[in-house]
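The chain contents come next:
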Amino acid sequence: MNKGESTLPTFRRHTIYIGDPSERTLLVVGDLNNDGVPEIVIGARRPTTELYWLGRTESGEWERNTMDDNPGPLEAGGFLADISGNGRLDFVGAHDASDNGVFWWEQPADPTAPWARHEIFRMPANKSHDQYVVDLDGDGRPELYFWNQRSSTLYWAPVPDDPRVSPWPTVRPLATDVENEEGFAVADVDGDGKLELIAGQSWYRLLPDGEWERHVFTQGYVSTRLGAADFDGDGRVEIVLAEGDASFMREEYYGRLVYLRPGADVEDLWEGKLLHDHLVDPHSMIVADFTGDGQPDFFVGELGSPNGDHPHPPAERIYFNAGGGHFEEHIIDEGIGTHEAKQIEIDGMVGIAGKPYRNMRSDAPRGPDVDCVNLWLPHK
């Protein structure tokens with residue numbers, strides 16, 4: 001089935017916030033105050049470290065609220081989850097290549113007040129790019145999964161009875177010798193009715209004895225941004241993968257976008273279909289139903305060069321599901337990069353929240369569009 005041009009939504013960019021020059025490393029979306037309207041959490045590391053959230057007022061404007069005015073040098077990633085068990089979302093984040101802490105921030109009764117920071121773990125080496133919170137062992141309590149890139153280790157940590165204890169009593173390596181791996185997704189990969197962890201270029205099955213079984217589904221990619229769904233309608237999970245930081249991790253400079261399907265044995269390497277090979281740091285991947293037809297589509301956003309010297313204008317693309325594992329690529333905006341974009345639902349519309357990223361050391365011209373937060377929403 002081909003959806004056709006007439007059925008595809010068009011998107012308009014809305015700038016909701018312009019800040020001072022800063023390296024904004026993370027963006028996550030969630031309903032912090034349980035009012036049915038999502039908020040946007042932003043973290044930054046230079047020239048000052050910052051953690052704050054943007055909330056929409058009754059008049060439709062967006063206001064900034066400080067969570068922590070000195071959170072440390074935060075890396076890309078971050079995750080909103082109810083760590084305390086009180087029904088409100090808390091925030092998990094970690095340090096970049098200059099430090100080694102993993103923390104959670106407890107939401108106070110008034111979310112506009114400062115959030116209490118609790119240390120979870122001090123990694124053996126610096127940098128945790130990406131964290132994920134989910135209950136995969138089925139005990140009714142979530143676990144935290146996080147990378148430590150400088151030690152080439154993937155960790156998992158069950159949320160303890162008292163999550164305010166520092167550090168957490170149980171933090172275990174899930175996989176070692178996973179060099180330069182990034183990215184998470186969760187799906188029932190093997191069709192057994194249970195969720196598996198997709199991390200980097202492998203998926204992991206939790207065994208009854210509490211050990212993890214690793215299955216490499218692809219090889220040769222860097223800095224992976226991941227999405228998983230049954231895109232072709234065959235009842236099995238497929239994976240879309242983009243190379244988010246290719247410009248400084250690949251000799252070829254440009255990042256690839258690939259669609260991966262399992263063969264007869266899901267534990268073997270998967271078949272990859274190259275969808276694009278000329279993307280400048282496609283650091284955003286979102287799987288969502290952007291058309292409302294019940295089929296998963298996906299969004300890929302180019303960051304562009306982190307130094308601002310873009311070899312071509314960065315663009316935002318949606319790959320609309322045309323059925324049977326086929327997609328229609330549509331550029332919904334270009335000329336401005338986006339980094340760590342996430343799905344957001346505003347007034348019943350499924351859209352995208354994102355922000356650019358630019359190194360503070362860059363000599364490239366820095367207009368206000370570099371330090372903004374944007375929404376891309378369907379244009380009615």
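Treat the numbers as computed from the prediction; the structure is a model and nothing was measured. (Residues numbered from 1 in each chain as written. Predicted model: local features only at pLDDT ≥ 70, side-chain atom pairs only at ≥ 80, totals over all residues. Heavy atoms only, no water.)

**Student:** What am I meant to see in the overall build of the protein here?
**Tutor:** Across its full length, the protein carries zero helices and 28 strands. A compact globule built from 380 residues should have a C-alpha radius of gyration of about 21 Å, and the protein, at 20 Å, falls within 12% of that. Principal axes of the C-alpha set define a box for the protein whose edges measure 55 × 50 × 40 Å. Per-residue burial over the protein gives 59% buried out of 380 residues. Sequence separation of 24 or more characterises 49% of the internal contacts of the protein that already satisfy a separation of 6 or more. Total accessible area computed for the protein in this model is approximately 15,300 Å², and 45% of it derives from carbon and sulfur atoms. (Helix = DSSP H or I, 4+ residues; strand = E, 2+ residues; numbered from the N terminus. Rg over C-alpha atoms; globule rule 2.2 N^0.38 Å. Buried < 20%, exposed > 50% of the residue type's maximum accessible area, 1.4 Å probe, protein only. Contact = heavy atoms within 4.5 Å. Areas by Shrake-Rupley, 256 points an atom, 1.4 Å probe, with all protein chains shown as cover.)

**Student:** What is the right way to read the packing of aromatic side chains from this model?
**Tutor:** Two aromatic rings are characterised by how far apart their centres lie and by the angle between their planes. Taken as a whole, this structure holds 21 aromatic pairs when the rule is applied. Aromatic side chains Phe146 and Tyr155 sit 5.2 Å apart centroid to centroid with 15° between the ring planes, which places their arrangement in the stacked category. Considered together, Phe146 and Tyr155 belong to a single accessibility category, that of buried residues. Sitting over the face of the ring of Tyr52, Arg64 holds its NZ or CZ atom 3.7 Å from the ring centroid. Stacked on the ring of Phe103, the Lys or Arg Arg117 has its end atom at 5.9 Å from the ring centre. (Phe/Tyr/Trp six-rings, centres within 6.5 Å; stacked < 30°, edge-to-face > 60°. Lys NZ or Arg CZ within 6 Å of the ring centre and 35° of its normal.)

**Student:** Hey, could you run me through the sheet that holds strand S4 (residues 50–56) in this one?
**Tutor:** Across the sheet, four strands lie side by side as S2-S3-S4-S5; this open sheet has antiparallel pairing. In the strand order of this sheet, the two ends are held by strand S2 (24–30) and strand S5 (62–68), each with one partner. For this sheet, the mean inter-axis angle between neighbouring strands, taken without regard to orientation, is 25°. As paired strands, strand S3 (residues 39–44) and S4 are joined by five bridges and run antiparallel to one another. Within S4, the residue paired with Val41 across the bridge is Trp53. (Pairing = 2+ DSSP bridges. Axes fitted to C-alpha atoms, helices over the stretch in contact; angles between N-to-C directions.)

**Student:** Teacher, can you tell me more about the side chain of His95 here?
**Tutor:** Along the chain, the position of His95 falls in the loop between strand S7 (90–94) and strand S8 (101–106). Since its relative accessible area comes to 4%, His95 is described here as buried. Engagement of the side chain of His95 in a polar contact is seen with the backbone nitrogen of Gly101, the distance being 2.9 Å. (Polar contact = N/O pair within 3.5 Å; in protein donor to acceptor, adjacent residues only side chain to side chain.)

**Student:** Sorry if this is basic, but what is going on with the layout of surface pockets here?
**Tutor:** Empty space among the atoms becomes apparent when a probe as large as a water molecule is rolled across them. In this structure, the largest pocket spans a volume of roughly 760 Å³. Together, 28 residues line the largest pocket, and Phe79, Tyr132, Phe184, Met285 and Lys342 are the ones closest to its centre. Sorting the residues of the lining of the largest pocket by element identifies S2, strand S6 (79–81), strand S10 (131–134), strand S14 (184–187), strand S18 (224–229), strand S22 (284–288) and strand S26 (339–346) as the ones contributing at least two each. No other element matches the six residues that S26 contributes to the lining of the largest pocket. Quantified by volume, the second largest pocket comes out at close to 440 Å³. What lines the second largest pocket is a set of 24 residues, and nearest its centre among them are Arg45, Asp245, Phe248, Tyr357 and Asn359. Across the lining of the second largest pocket, the residue classes break down as seven nonpolar, nine polar and eight charged. (1 Å grid on protein atoms, 1.4 Å probe; cavity = no way out; pocket = protein on both sides within 12 Å on 5 of 7 lines; lining within 4 Å. Points joined across faces, edges and corners; volume = space filled by probe spheres on them. Nonpolar A, V, L, I, M, F, W, Y, C, P; charged D, E, K, R; others polar.)

**Student:** For this particular structure, what's the right way to read the nonpolar core?
**Tutor:** Nonpolar side chains in soluble globular proteins generally cluster together in the buried interior. Counting 18 residues, the largest nonpolar core has Ile83, Val102, Ile120, Phe121, Leu144, Phe146 and Trp168 as its most contacted members. At the level of elements, S6, S7, S8, strand S9 (116–122), strand S11 (143–148) and strand S12 (153–158) are the ones that each hand at least two residues to this core. Those residues in contact with Val102 that lie beyond four places of it in its chain are Gly93, Ala94, His118, Glu119, Ile120, Phe121, Met123, Leu144 and Phe146. One finds Ala185, Ile198, Phe217 and Val266 within the second-largest nonpolar core, a separate group that totals 16 residues. (Core = buried A, V, L, I, M, F, W, Y, C linked by side-chain atoms within 4.5 Å.)

**Student:** Sorry if this is basic, but what is going on with the environment of Pro378 here?
**Tutor:** Secondary-structure assignment places Pro378 in strand S28 (residues 372–378). In sequence terms Pro378 and Phe11 are 367 residues apart; their C-alpha atoms lie 4.3 Å from each other. Here Pro378 is in contact with Thr10, Phe11, Met349 and Val350, once residues within four sequence places are set aside.

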